[in-house]
6 protein chains.
Amino acid sequence: MASSSELSRVVVEEIIARALAEDLNGGDVTTEACVDPEAQAKATAVARSPLVVCGGTVFARVFAQIDPSVKCELVLPDGARAVSGATLWSLSGRARSLLMGERVALNLTQRMTGVATMTRAYVDALPKWTHARITDTRKTTPGLRALERYAVRVGGGHNHRNDLGSAVLIKDNHIAACGSVKEAIARARAHAPHTCKIECEVDTLDQLDEAIAAGADIVLLDNMSDETVTEAVIRTRKGGVLAEASGGITLARIAELAKAGVDAISIGALTHSAPAADIGLDFG
Amino acid sequence: MASSSELSRVVVEEIIARALAEDLNGGDVTTEACVDPEAQAKATAVARSPLVVCGGTVFARVFAQIDPSVKCELVLPDGARAVSGATLWSLSGRARSLLMGERVALNLTQRMTGVATMTRAYVDALPKWTHARITDTRKTTPGLRALERYAVRVGGGHNHRNDLGSAVLIKDNHIAACGSVKEAIARARAHAPHTCKIECEVDTLDQLDEAIAAGADIVLLDNMSDETVTEAVIRTRKGGVLAEASGGITLARIAELAKAGVDAISIGALTHSAPAADIGLDFG
Amino acid sequence: MASSSELSRVVVEEIIARALAEDLNGGDVTTEACVDPEAQAKATAVARSPLVVCGGTVFARVFAQIDPSVKCELVLPDGARAVSGATLWSLSGRARSLLMGERVALNLTQRMTGVATMTRAYVDALPKWTHARITDTRKTTPGLRALERYAVRVGGGHNHRNDLGSAVLIKDNHIAACGSVKEAIARARAHAPHTCKIECEVDTLDQLDEAIAAGADIVLLDNMSDETVTEAVIRTRKGGVLAEASGGITLARIAELAKAGVDAISIGALTHSAPAADIGLDFG
Amino acid sequence: MASSSELSRVVVEEIIARALAEDLNGGDVTTEACVDPEAQAKATAVARSPLVVCGGTVFARVFAQIDPSVKCELVLPDGARAVSGATLWSLSGRARSLLMGERVALNLTQRMTGVATMTRAYVDALPKWTHARITDTRKTTPGLRALERYAVRVGGGHNHRNDLGSAVLIKDNHIAACGSVKEAIARARAHAPHTCKIECEVDTLDQLDEAIAAGADIVLLDNMSDETVTEAVIRTRKGGVLAEASGGITLARIAELAKAGVDAISIGALTHSAPAADIGLDFG
Amino acid sequence: MASSSELSRVVVEEIIARALAEDLNGGDVTTEACVDPEAQAKATAVARSPLVVCGGTVFARVFAQIDPSVKCELVLPDGARAVSGATLWSLSGRARSLLMGERVALNLTQRMTGVATMTRAYVDALPKWTHARITDTRKTTPGLRALERYAVRVGGGHNHRNDLGSAVLIKDNHIAACGSVKEAIARARAHAPHTCKIECEVDTLDQLDEAIAAGADIVLLDNMSDETVTEAVIRTRKGGVLAEASGGITLARIAELAKAGVDAISIGALTHSAPAADIGLDFG
Amino acid sequence: MASSSELSRVVVEEIIARALAEDLNGGDVTTEACVDPEAQAKATAVARSPLVVCGGTVFARVFAQIDPSVKCELVLPDGARAVSGATLWSLSGRARSLLMGERVALNLTQRMTGVATMTRAYVDALPKWTHARITDTRKTTPGLRALERYAVRVGGGHNHRNDLGSAVLIKDNHIAACGSVKEAIARARAHAPHTCKIECEVDTLDQLDEAIAAGADIVLLDNMSDETVTEAVIRTRKGGVLAEASGGITLARIAELAKAGVDAISIGALTHSAPAADIGLDFG
């Protein structure tokens, strides 16, 4: 299970500082007017619909940056399934501090929880017996990649490569630049760190055979029908190559793709189109 | 019509630099291996579904930060409605530079275009004769608020207050802290810049009357039925107060709310849950 | 009364870090040479002339960033009137830490206190019975706006809009670009968030009438004589419009302007020309 | 004569970026509403009172950061004495860009020009025949030290040490920590870079003698009367030591201090209390 | 051959800006005093000993950040072997700009060239027929990793994983935490992105067998003698596993290790202990 | 003895944050997989060869930034001579936190300790009776200057000027620009802060005489033989000028240069070419 110790503190603190600056640089004119500086309050973050909890540490750190004296209890751990009405996290401290951080804390955690919740839906659609995994892509929100990759893991998914330097992924334009799949893979093998796997995107079974023959470690089966995927997996198995399906993935196809035997199903929508989870902050 | 000159260059450049650092700090191991440093290429950003174009300048600046010699033409201006297959923007320059910037450029502009497209749908649902406007909220993606507020305007919407220092918005917890709506508005009037309007969230018609009597400039009608909104608007009209509807807004309700006479309909989903627009980058 | 909880911690910490880097990047060669690392000291910040205290939290945080073990007591709260010789804040801890932070702490708080003290003088010049307020402008020290706006409030003043996105202020060049006051206000109303008030600068009574007729929320009476201001206020009252006087404001005119009935008097000098308050740090 | 090439570009660009972010993060709602994106304009920065010009490069770079196509001509060079009404700098380009940058550009250059103008007044008060120089101190505006030190040079003054690592300045607390002036100077000599001069603050003639005997390179004559300064200089001359007067310096005392023979007169007010110069931006 | 397009511009510009701030925040007091602002100069960077050129782009960008009008010609490309006395890069422009940037430009490029030169020595020690590669490690200079990894490639070497998120490298402490090599590899396989190779450090041949059996993709042969390495490689070949030698590597052992058949030899000293290359900047 | 209180906390925290971001932005995929989030561990940093300890505070702060609950004991103080096998610092806390920070902590402290150790060797080569000091130069690692200058002091050395604004150092190109040594020194005297010493680089005894006559405070004897240095020192003594030897300095020459009577010996290699000290982190 993903743990919040996997969120680099340095990265998280910087994301939060930037978000607070965006919202609070001119102060909070309403709260300053209406709330006594020393008034105390309690508040709880509550699920307004079923969701997979994600971002407790981030939630707590938003308020800690505003006011280190705010206390935050993480009632449900990241990864827990919360029913509508469940209390996720609770706060106590200066009312001003709670009100000033509310929006930023929710903006961050609603997104993280949204990603975890959508990921969980895809993971739950996998049959029990499969070894296939649901993965994210690099289609993350600029500036928030670390949070979103963590949320995918919290939702039971796995990560794809972190950035352009972490693994080789040869796409059609790289192949075009090299003249052939074979040449592209050879160049990648010669250049890339020996610690990098080499993945090659293929559109057809012919390209697939070429990639396997050239020694790809992983093939990305791009926008193929379930039938073609099934045939492709058979060929990768012979070559000892991992098969990743991507493109046009829907919840409805997950079981079928797992049955086809793919090793990974990568889904951009997990991070670029997950709706924000509905979490409210109730005072009192 | 919103113009890209409304995007503060300083803000945009920093967002892009951060996004590029996130993806390129370890280099692009695939492109370095496969593509000759001096090889040239052309590419076009193409709509894969109908959308409202947004982010041309951002798209261009991503590549400019990577390589100032890349040329970018903005074929369709921000705000244009593009059919599926339409070319939005075109690039020419070093193939390496185009490949290295592709993902960051699309991650940013798919989000901006997604927001503009969803906003446009809500704006188009307004009857022709109405003066009601569709607005965003502060429920924006942390770090990207400036881009998303711009996208809302590009989609024909309007912005709500930019941050906690730009206007007063009294919510239930502020009222609770003050003891009454009247006291909350009085304190806000006494404290806030005289350039700030004072908006007060109300849940009932009684609260509404109290807010109007206390001199609110705007009332936020929170989660009210169409019928209650209709009644509420009648009362605001007498008080010379603006009425904003929020909470539980769907496309289907827009026409009805406009008919009820509200001045603004604010929708968090425009920025927190708009799916990424489908834009592809075609080379060659 | 303004409270230091109104100073966004994130903003303050960044300002202090930048200031310390400016002074301490090469170390403190004198203190390193002369003072034993573990030697302890006490010091008190003392008013050398009458002043309105401002910046206690900032003072404390400067030393906390250098050395979290330094203890700081805020003897007089922000907003207190201190006589010459009064102790404002007291410190105890490593002598090195106190000496290294002295200059930065004083540079920041002498400025803040200077602004608060000048503001207080203008506020004290208002007659008791008036509702008029003294406000700042955007003529703040670049990088220190949040501190200076806070200092104005500590001195009993009010803030004007925080930045170019917080309210509309139509000046002569905007009017020229639109062709008329009426058109400028109409465009602003159509474009700006409905949460924004619309203020219009006017140089003559004719322009004033035009602005009132066009629906301005506030008029800025620019560089008008007391007599013209008096007449202008009469006209704004009829229109239910706020009147702000600005330009050529001196202490001597404050009472007269209040008598004329203006709602706000905005003074750039509060932030661009307030002399540093005289505060010394006495050791021992 | 100080030249703008002495302003480190990296430092200046960062100061400007921060200042623009402070004012423009929420856009310029007035200008966006009222001014056509492609409308062109001309504007000139004009002295509203006699002043010593300072900050032309900074002025130009503010607009360049907003919009690289804006053209800026520096009509009068830094250091020139401008009469009231003189044109300092002229701009042409998109009207929006000029309006958006106006306040930040003036906030920075009014301060720089204010510092240069006040410095020039002190420098002009020196007799022709003297070798004494007017210098600043470390009492600069946090975040703007580089600009203000440059402005002092533009006004004909000289800089004191840049930061705590650039030279040794032994004050009373350092002496107290060491037990004696002699020991303090000995420790400083032993520790500090051999490239550092050692300056010692003295309050009395006895301390002065001790400092000279101990080998100080410079003595800071703190808050001494003109008579005492005269006597002190005689003693420093014998010791081959530089004499710097500081504390309680007024314009009226400058000639007398020069006559006393001091080498430097350092004045905190040059940077902490210079009023902003009156510069307006005239359009059209 | 490594190309400078592999250096992410965003990363490079930030490193340079930080380095310039470190050296130029207080200006260049010598150059300002001695050199006329408009005086022109030419200078050439010259090898003072044989070296492998590295950092031409960085050299040019240092001066470009100081003064965009400086012209820089890269006489020898990165990767070229320069004899003592060879001209690497030449500059022309304002003398002030050349003098101000000299030290920072040399500090960066002497390090890069030092790394490239040492790497080249190791690469040259490999026999012609070998497929073994020389690689770096994560033992890079904090803040300069991107530059140093590039320099290793310029010297003919290869990179190891970029950061802790790019590949799995199981060390003794990870094994201890898991109880066994087998369990550690199983957990890594289950958790890590499918795009990550799994490398396992082994100290003995027994551990090696365990790692191969558990499905490691790479084994790191830590501090083994040439004989043990030879035996280890035989076993990895049977398992289809890559063998990397590390620890106690000297130039003298390279040929022997290649003969043993290892796939990679990783050397921390390339980046943590390469002496700066001797490059001088000759004016005139 | 140099103390860690001389390391500006603000500067150190920023260097560490940057270094951690470089290594941990993509998480630590190995540790996340293999180590239980709550598992505890102990580890000790151990000298693998004789060295002069440096960087204890930095070591501790790396782990504190990752996880404030990690405890760190500095067993040996900075400046201590450690034998091979000696424990320098010990850690206890979450195993994940120790593993994630290991590399960054060692990368920073191995460099600092390497610099301190090399400096100590040069300092130890000085005869007991000499007043000569070993100093660094500005040839430091970009971004790490503060750490390296501290390490030189920890090793018993002294610092040279911190940056281009801290002291005047006239080199051949400055002389060429001025026409003569005399003119260069005169201009420097006229321009530079009176707190700056003026150092002049000389290549010949004739230049030396010219520099002394012109009033240089220090002469830098560049690349002179021991004999020429001896003669040069005699001449500086007459002029009351400090003599610094630089260029071509080796350990073997130190005693001879001290005997010649120089005041300072500056050595670029201390910071640009010190090999990393061998420090290991032993768990358990």
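See the structure shown above.
First things first, this report covers the structure right here in the doc. What you see is a predicted model; the values in this text were computed from it and never measured.

## Regarding helix H8 (residues 205-213) of chain C
Residue and element names in this part refer to chain C. Considered for burial, the residues of H8 that qualify are Gln207, Leu208, Ala211 and Ile212. Summarising the axial view, the buried residues of H8 lie within an arc of 135°, below the 170-degree limit, and thus occupy one face. Opposite the packed face of H8, turned more than 90 degrees from it, sit the exposed residues Asp206 and Ala213. Summarising the contacts, the buried residues of H8 are in contact with helix H6 (172-178), helix H7 (181-191), strand S8 (198-202), strand S9 (218-222) and helix H9 (226-239). Where H8 ends, the next residue or the one after it, Gly215, has phi of about 95°, a positive value.

## Comments concerning the arrangement of the chains
Here chain A and chain D are not in contact; the least distance found between their C-alpha atoms is 8 Å. Here chain B and chain F are not in contact; the least distance found between their C-alpha atoms is 8 Å.

## Some points on the sheet that holds strand S1 (residues 40-47) of chain A
All names here are of chain A. Read across the sheet, 4 strands follow the order S3-S5-S1-S12 without closing on themselves; strand pairing throughout is antiparallel. The sheet is open, and its two edges are formed by strand S3 (71-74) and strand S12 (279-283), each paired on a single side. Geometrically, the sheet is characterised by an average inter-axis angle of 15° between neighbouring strands, direction not taken into account. Here 4 bridges tie S3 to strand S5 (residues 87-94), and the two strands are oriented antiparallel to one another.

## Observations regarding the interface of chain D and chain C
In this assembly, 55 residues from chain D lie in contact with 55 residues from chain C. When chain D packs against chain C, the two sides together hide about 4,700 Å² of surface, and 56% of this comes from carbon and sulfur. The largest share of the area that chain D buries against chain C comes from Glu22(D), Pro142(D) and Leu164(D), three residues that together contribute 15% of it. Inspection of the chain D/chain C interface yields 4 salt bridges.

## What about the relation of the copies chain D and chain C?
Copies of the same chain, two in number, are related to each other by a rotation about an axis and a translation along it. The transform that puts chain D on chain C rotates by 180° and translates by 0.0 Å along the axis, for an RMSD of 0.0 Å. In symmetry terms, the pair is related by a two-fold rotation axis. A share of 100% of the interface residues of chain D reappears at the interface of chain C, consistent with the copies meeting face to face through the same patch.

## A closer look at the interface of chain C and chain A
Taken residue by residue, the interface counts 11 residues in chain C and 13 residues in chain A. Carbon and sulfur atoms make up 54% of the surface buried where chain C meets chain A, a total of about 910 Å² over both sides. The tally of links from chain C across to chain A stands at 2 salt bridges. The shortest N-O distance in the salt bridge between Glu6(C) and Arg96(A) comes to 3.5 Å. There are 1 residue pair in polar contact (both at pLDDT 80 or more) connecting chain C and chain A. Those elements that provide at least two residues to the side of chain C that touches chain A are helix H1 (9-24) and helix H5 (145-154) of chain C. Considering only residue class, the side of chain C that touches chain A consists of 3 nonpolar, 4 polar and 4 charged.

## A few points about the environment of Gly179(B)
Following the sequence through the fold, Gly179(B) ends up in the loop between helix H6 (172-178) and helix H7 (181-191). Considering only alpha carbons, one finds Gly179(B) and Ser4(B), 175 residues apart in sequence, at a separation of 45 Å.

## Description of the side chain of Gln110(F)
All names here are of chain F. By the element assignment, Gln110 lies in helix H4 (residues 95-124). On the basis of relative accessibility, which here comes to 7%, the residue Gln110 falls in the buried class. Non-local contacts of Gln110, meaning those with residues more than four positions away in its chain, are made with Arg103, Ala276, Ala277, Asp278 and Ile279.

## Points about the relation of the copies chain C and chain A
When chain C is fitted onto chain A, the two copies agree to an RMSD of 0.0 Å after a turn of 120° and an axial shift of 0.0 Å. Expressed as an axis order, the relation between the two copies is that of a three-fold axis. Nearest to the rotation axis, the C-alpha of Glu14(C) is located 6.7 Å from it, this being the minimum over chain C.

## Some remarks on the pairing of strand S9 (residues 218-222) of chain D
Residue and element names in this part refer to chain D. Of all 5 residues making up S9, 5 are buried, and the element is well covered by its neighbours. The alternating pattern of S9 places Ile218, Leu220 and Asp222 on one face and Val219 and Leu221 on the opposite face, and all of these are buried. Chirality of the crossover, the property in question, places the unit of strand S8 (residues 198-202), helix H8 (residues 205-213) and S9 among those that are right-handed. Bridging between S9 and strand S10 (residues 242-246) involves 5 bridges; their strand directions are parallel. For Leu220, the partnering residue across the bridge sits in S10 and is Glu244. Crossover connection from S9 via helix H9 (residues 226-239) to parallel S10: handedness right-handed.

## What to know about the packing of aromatic side chains
Evaluation of the coordinates by the stated rule reveals 12 aromatic pairs over all chains. Ring centres of Phe59(E) and Phe63(E) lie 5.2 Å apart, and the angle between their planes is 65°; this geometry places the pair in the edge-to-face category. Of this pair, Phe59(E) and Phe63(E) both sit in helix H3 (residues 56-66), separated by 4 residues, roughly a single helical turn. Residue classification places Phe59(E) among the buried residues on the basis of a relative accessible area of 0%. On the accessibility criterion, Phe63(E) (1% relative accessible area) is buried. Here a set of aromatic residues connected by ring pairs shows up, and it is made of Phe59(A), Phe63(A) and Trp89(A).

## Remarks on the state of the cysteines
Overall, the coordinates contain 0 disulfides over all chains when judged by the stated rule. With no disulfide of its own, Cys200(B) has Cys34(A) as its nearest cysteine by sulfur position, at a separation of 8.7 Å. Cys54(E) forms no disulfide, and the closest cysteine sulfur to it belongs to Cys72(E), at a distance of 14 Å. Judged by its relative accessible area of 0%, Cys54(E) falls in the buried class.

## With respect to the side chain of Asp222(A)
Residue and element names in this part refer to chain A. Its place among the elements puts Asp222 in strand S9 (residues 218-222). Despite its burial, Asp222 remains without a salt bridge, the nearest opposite charge being carried by Lys139 at 7.7 Å. When residues no more than four places from it in sequence are discounted, the contact partners of Asp222 are Glu201, Val202, Asp203, Ser246 and Gly247.

Thresholds, definitions, all that
- Residues numbered from 1 in each chain as written.
- Chains lettered and ligands numbered in written order.
- Predicted model: local features only at pLDDT ≥ 70, side-chain atom pairs only at ≥ 80, totals over all residues.
- Heavy atoms only, no water.
- Buried < 20%, exposed > 50% of the residue type's maximum accessible area, 1.4 Å probe, protein only.
- Helix = DSSP H or I, 4+ residues; strand = E, 2+ residues; numbered from the N terminus.
- Arc of directions from axis to C-beta.
- Contact = heavy atoms within 4.5 Å.
- Pairing = 2+ DSSP bridges.
- Axes fitted to C-alpha atoms, helices over the stretch in contact; angles between N-to-C directions.
- Buried area = accessible area lost by both parts, 1.4 Å probe.
- Salt bridge = Lys/Arg side-chain N within 4 Å of Asp/Glu carboxyl O.
- Least-squares fit on C-alpha atoms with pLDDT ≥ 70 in both.
- Polar contact = N/O pair within 3.5 Å; in protein donor to acceptor, adjacent residues only side chain to side chain.
- Nonpolar A, V, L, I, M, F, W, Y, C, P; charged D, E, K, R; others polar.
- Right-handed = clockwise from strand over helix to strand, strands pointing away.
- Phe/Tyr/Trp six-rings, centres within 6.5 Å; stacked < 30°, edge-to-face > 60°.
- Disulfide = S-S within 2.5 Å.
- Lys, Arg positive; Asp, Glu negative; His and termini not counted.

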